[in-house]
Amino acid sequence: MFNTVGDLVRWEQQMTNDAIDDMLTLRMGLPMYLLLMEKFNIKQIHVCGTGLWYGIYLQHLFNVAD
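The present account deals with the structure reproduced in this document. All chains use their own residue numbering, which begins from 1 and follows the written sequence. The predicted nature of this model means local features are confined to residues of pLDDT at least 70 and side-chain atom pairs, given and counted, to a pLDDT of 80 or more, with totals for whole chains, interfaces and linings taken over all residues. Here the side-chain values reflect all heavy atoms present in the structure, with hydrogen atoms and water set aside.

## Some words on the overall build of the protein chain
Working step 1: Per the secondary structure count, the protein chain includes 3 helices and 0 strands.
Working step 2: A run of H or I in DSSP becomes a helix once it reaches four residues, and a run of E becomes a strand once it reaches two; helices and strands are each numbered from the N terminus. In sequence order, the protein chain lays out its α and β elements as α-α-α.
Working step 3: What the globule rule says is 2.2 Å times the number of residues to the power 0.38, and the radius of gyration is computed from C-alpha atoms. For a compact globule of 66 residues, the expected C-alpha radius of gyration is about 11 Å, and the protein chain comes in at 15 Å, more than 25% above that figure.
Working step 4: Its C-alpha atoms give the protein chain principal-axis dimensions of about 40 × 35 × 15 Å.
Working step 5: For the exposure calls, accessible area comes from a 1.4 Å probe over protein chains only, and a residue counts as buried if that area is under 20% of its type's maximum, exposed if over 50%, partly exposed in between. For the protein chain, buried positions account for 5% of its 66 residues.
Working step 6: Each charge class in the protein chain can be summarised by its mean position, and for the 4 positive and 7 negative side chains these summaries are 14 Å apart. The charge count treats Lys and Arg as positive and Asp and Glu as negative. His and the chain ends do not count. Here the site of a charge means atom NZ of a Lys, CZ of an Arg, CG of an Asp or CD of a Glu.

This is the structure we're talking about:
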């Protein structure tokens, strides 16, 4: 359905339903990382917890739904 990632992004930006955004994130987020790690033979990654902490903090500060 999409020839480029740009086509997919433009399509997704037109959507107003958060369920579609959630679906794309779940379908493309972690699987994409795993695919790239496998392709470039990356055995492990280090994730900084600070960014996660700030995201959770802002979520609670602005009462943003999950």
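## A short note on the packing of aromatic side chains
Working step 1: For Phe, Tyr and Trp, where Trp contributes only its six-membered ring, two rings pair if their centres lie within 6.5 Å, and the inter-plane angle classes them as stacked under 30 degrees, edge-to-face over 60, or tilted in between. What the rule picks out here adds up to 3 aromatic pairs.
Working step 2: Relative to Trp11, the ring of Phe2 lies with its centre 5.4 Å away and its plane at 55°, an arrangement referred to as tilted.
Working step 3: Taking the relative accessible area as the measure of exposure, Phe2 reaches 31% and is therefore partly exposed.
Working step 4: A relative accessible area of 24% places Trp11 in the partly exposed class.
Working step 5: Geometrically, the ring pair formed by Trp53 and Tyr54 is edge-to-face, given 5.0 Å between the ring centres and 80° between the ring planes.
Working step 6: Taken together through their ring pairs, the aromatic side chains of Trp53, Tyr54 and Tyr57 make up a single cluster.
Working step 7: Over the ring of Phe40 we find Lys39; its NZ or CZ atom is 5.9 Å from the centre of that ring. Our definition puts a charge over a ring when NZ of Lys or CZ of Arg is within 6 Å of the ring centre and also within 35 degrees of the ring normal.

## Considering helix H2 (residues 18-39)
The α-helix winds at 3.6 residues per turn, so residues separated by three or four positions along the chain end up facing the same way.
Working step 1: For H2, which comprises 22 residues, the first-to-last C-alpha distance of 31 Å matches the rise-based estimate of 32 Å (1.5 Å per residue) to within 8%.
Working step 2: Take the seven residues that end at a residue and the seven that start at it, fit an axis to each, and the angle between those axes is the bend at that residue. Met32 marks where H2 bends most, by close to 25°.
Working step 3: Looking one or two places after H2, you find Asn41, whose phi comes out positive at around 55°. Helix span, expected: 1.5 Å multiplied by one less than the number of residues in the helix.

## Considerations on the environment of Asp18
Working step 1: Structurally, the position occupied by Asp18 is in helix H2.
Working step 2: Among the residues examined, Asp18 registers a relative accessible area of 57% and is labelled exposed.
Working step 3: It is 26 Å that separates the C-alpha atoms of Asp18 and Thr50, two residues lying 32 residues apart in sequence.

By themselves, these figures tell us nothing about what the structure is for.
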